[in-house]
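In case you want the letters, here they are:
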Amino acid sequence: MDRTLAADLARLPELLDATRRAAADALATLDARPVLPPHGPAAPPEPLPEDGSGADAALAAFRDRWEPRLSASAGPRYLGFVTGGATPAALAGDWLTAAHDQNSNSALDGAGQDLERETVGWLRELFGISDAHTGAFVSGATMSNTTGLAIAREWLGERLGVSPSEDGAAALGPVRVLSGAPHSSIAKALSVLGLGRRSLVPVPTLPGREAVDPAALDRALADTPGPAVVVANAGTVNTVDFDDLRAVAALKERHDFWLHTDAAFGAFAALSPDHAHLTAGLDASDSLCVDLHKWLNVPYDSAVQFTRRQDLQARVFQNAAAYLGPLGSHPDLVHLTPENSHRLRALAAWFTLRAYGRRGHREIVERDIACARALGAELAGDPAFRLLAPVRLNVVCFTLADDPAPARLAALREAAAAEVFVTPTVLAGTPALRAAFSNWRTTQADVRRAAQALRTAAREIA
């Protein structure tokens, strides 16, 4: 064994303790650190060392060279994208995931895939999804949407008497995928799957909304020959608008289509009694995307994919190799996602669900919703800003009241970045900013700090 590696092995408890202290220091200073450190010129890359200096030296180099340049994305005022943090239990689970280093895809190994299946069952219950759905962990919403649409592609083949997984996507001929306000990952998935970005057909939304117009969808399906795919949205990225999932599903009585629902973070509305109606009809989906490193507050990367047609899923992703587990009527996880191997992602989710239960995660969701509404009220009451949509759940979509040019919004973001991080968008042609609340640490005090930082930044650029 390499001498340095052997020395680290002999001192492993001390090294892990040093790492624990470094992690605790990083988390303890989240509130005081700039949410987004100032951007400076990147230092030139260091050459690969010929002889290593050991884990202690590597930890010291990381803390000196890289840690100060990392964002405080685990903290309470990182409101860009839809980024959760990691609850204490989720962090513990993630550390143990690395320590046990399981590849949980095969029954030939230990109980990893059994733990994943138990966790999927808990998630079904959390979101009000019936056991007609099976599920599997993937890396994020993009991969969950890709997996769901891959199953939809195979369903299209089943309806047309071909098998895209065997014959290729070209065997389907022209495909139409209809959606009102799809996330950008849908077009990306269609590209990856060989269906093409141009197969995505935009359907009119309700006036002033991002929710699909069911009547327009009805007409579009009538104009689409043969079976189709509909992508419903349970929480759009800009305004957290929800399609009427029951109305969309009811169209199946007249039209032949696969219903895939992108509920990456909107599914968590099911945890709040005041907002659960938004997810009514979620269970009618043929495939379903939920992202966990958003509002479940587990570390990146983690999402779950649900479907009613595991048989088609296995037809797409089956992997024939003697050293892998069997396909069978209850296929190993290796046969259900694009990955032949993945870390035991489910453990962090299992830990946080086991530790805090439905009630604890409902409190996080409801507190974040209250914080989003409070920021919306703060900005709506300030003449420097204009809300572009009502705060339906956990996202505030806003812009400058005067001259909301992209350059001015970028200047606003940069001026406020030490205190709050928000991301740019465009809504109905208007350049805008969006603040997404999904972190378990965020409180009303953070809302006040964020609002003040945005006000100050608006005055600076005026």
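This section reports on the structure supplied with the text. (Residues numbered from 1 in each chain as written. Predicted model: local features only at pLDDT ≥ 70, side-chain atom pairs only at ≥ 80, totals over all residues. Heavy atoms only, no water.)

With respect to the overall build of the protein
Then comes step 1: Scanning the protein for helices and strands turns up 15 helices and eleven strands.
Then comes step 2: The C-alpha atoms of the protein give 23 Å as radius of gyration, which agrees with the globular expectation for 462 residues (23 Å, within 12%).
Then comes step 3: With the C-alpha coordinates of the protein rotated into their principal frame, the extents come out at 65 × 60 × 45 Å.
Then comes step 4: Going through the 462 residues of the protein one by one, you find that 50% of them count as buried.
Then comes step 5: Long-range pairs, those at least 24 residues apart, make up 72% of the contacts in the protein with a sequence separation of at least 6.
Then comes step 6: Surface accessibility of the protein: about 20600 Å² in total, with carbon and sulfur atoms responsible for 56%.
Then comes step 7: Distance from the positive charge centre (44 side chains) to the negative charge centre (53 side chains) of the protein: 4 Å. (Helix = DSSP H or I, 4+ residues; strand = E, 2+ residues; numbered from the N terminus. Rg over C-alpha atoms; globule rule 2.2 N^0.38 Å. Buried < 20%, exposed > 50% of the residue type's maximum accessible area, 1.4 Å probe, protein only. Contact = heavy atoms within 4.5 Å. Areas by Shrake-Rupley, 256 points an atom, 1.4 Å probe, with all protein chains shown as cover. Lys, Arg positive; Asp, Glu negative; His and termini not counted. Charge placed at Lys NZ, Arg CZ, Asp CG, Glu CD.)

Section: the nonpolar core
Then comes step 1: Core analysis: the largest hydrophobic core is formed by 52 residues, its most contacted members being Leu 123, Phe 127 and Leu 292.
Then comes step 2: Element by element, the count of residues in this core is highest for helix α13 (residues 346–380), at seven residues.
Then comes step 3: Excluding residues within four positions of it along the chain, Leu 292 makes contact with Leu 123, Phe 137, Phe 268, Asn 297, Val 298, Ser 302, Ala 303, Val 304 and Ala 349. (Core = buried A, V, L, I, M, F, W, Y, C linked by side-chain atoms within 4.5 Å.)

Some details on a nonpolar patch on the surface
Then comes step 1: Together, Met 1, Leu 5, Leu 9, Leu 12 and Leu 16 give the surface a local cluster of nonpolar side chains, amounting to about 550 Å² of exposed area.
Then comes step 2: Those elements that provide at least two residues to the nonpolar patch are α1 (3–10) and α2 (12–28).
Then comes step 3: Its location among the elements puts Leu 16 in helix α2. (Patch = residues over 30% accessible without salt bridge, like charges linked within 9 Å, V, L, I, M, F, W, Y side chains within 5 Å. Salt bridge = Lys/Arg side-chain N within 4 Å of Asp/Glu carboxyl O.)

Examining helix α12 (residues 310–317)
Then comes step 1: Of all the eight residues making up α12, six are buried; the element is thus mostly covered by neighbouring parts of the structure.
Then comes step 2: Taken together, the buried positions of α12 are Gln 310, Leu 312, Gln 313, Ala 314, Val 316 and Phe 317.

A closer look at the sheet that holds strand β4 (residues 228–233)
Working definition: the strands of a sheet are paired by backbone hydrogen bonds and lie parallel or antiparallel to each other.
Then comes step 1: The seven strands are arranged β1-β7-β6-β5-β4-β2-β3 in an open sheet whose pairing can be described as mixed. Looking along the sheet, the strands with just one partner apiece sit at the ends: β1 (134–138) and β3 (200–202). Each strand axis lies, on average, 20 degrees off the axis of its neighbour in the sheet, ignoring direction.
Then comes step 2: Two strands pair when backbone bridges link them, and β4 and strand β5 (residues 257–262) are joined in this way by six bridges, in the parallel orientation. Along β5, the bridge assignment pairs Ala 228 with Phe 257. (Pairing = 2+ DSSP bridges. Axes fitted to C-alpha atoms, helices over the stretch in contact; angles between N-to-C directions.)

A few points about the side chain of Asn 105
Then comes step 1: Its place among the elements puts Asn 105 in the loop between α4 (88–100) and α5 (112–127).
Then comes step 2: A distance of 3.2 Å separates the side chain of Asn 105 from the side chain of His 342, its partner in a polar contact.
Then comes step 3: Apart from the residues within four sequence positions on either side, Asn 105 is in contact with Gln 113, Asp 332, Leu 333, Val 334, Glu 339, Asn 340, Ser 341 and His 342. (Polar contact = N/O pair within 3.5 Å; in protein donor to acceptor, adjacent residues only side chain to side chain.)

Remarks on the pattern of salt bridges
Oppositely charged side chains may form a pair once their charged atoms are brought near each other.
Then comes step 1: One pass over the structure, following the stated rule, counts 28 salt bridges.
Then comes step 2: Here Asp 218 and Arg 254 are joined by a salt bridge, their closest N and O atoms 2.8 Å apart. Here Asp 218, found in helix α9 (residues 214–222), pairs with Arg 254, found in the loop between α10 (245–250) and β5; they are 36 residues apart in sequence, far enough to count as distant.
Then comes step 3: The class of Arg 254 is exposed, set by a relative accessible area of 53%.
Then comes step 4: We note a salt bridge from Lys 294 to Asp 291, for which the minimum N-O separation is 2.4 Å.

Remarks on the sheet that holds strand β10 (residues 423–427)
Then comes step 1: Within the open sheet, the four strands sit side by side as β8-β9-β11-β10. Their pairing is antiparallel. Among the strands making up the open sheet, the edge pair consists of β8 (385–387) and β10. Adjacent strand axes in the sheet meet at a mean angle of 45 degrees, parallel and antiparallel pairs treated alike.
Then comes step 2: Where strand β9 (residues 395–400) lies against strand β11 (residues 430–436), four bridges are found, and the strand directions are antiparallel. Looking at β11, one finds that Val 395 is bridged to Ala 436.
Then comes step 3: Packing against the sheet, α13 makes contact with β8, β9 and β11, and its axis sits at approximately 15 degrees to β9.

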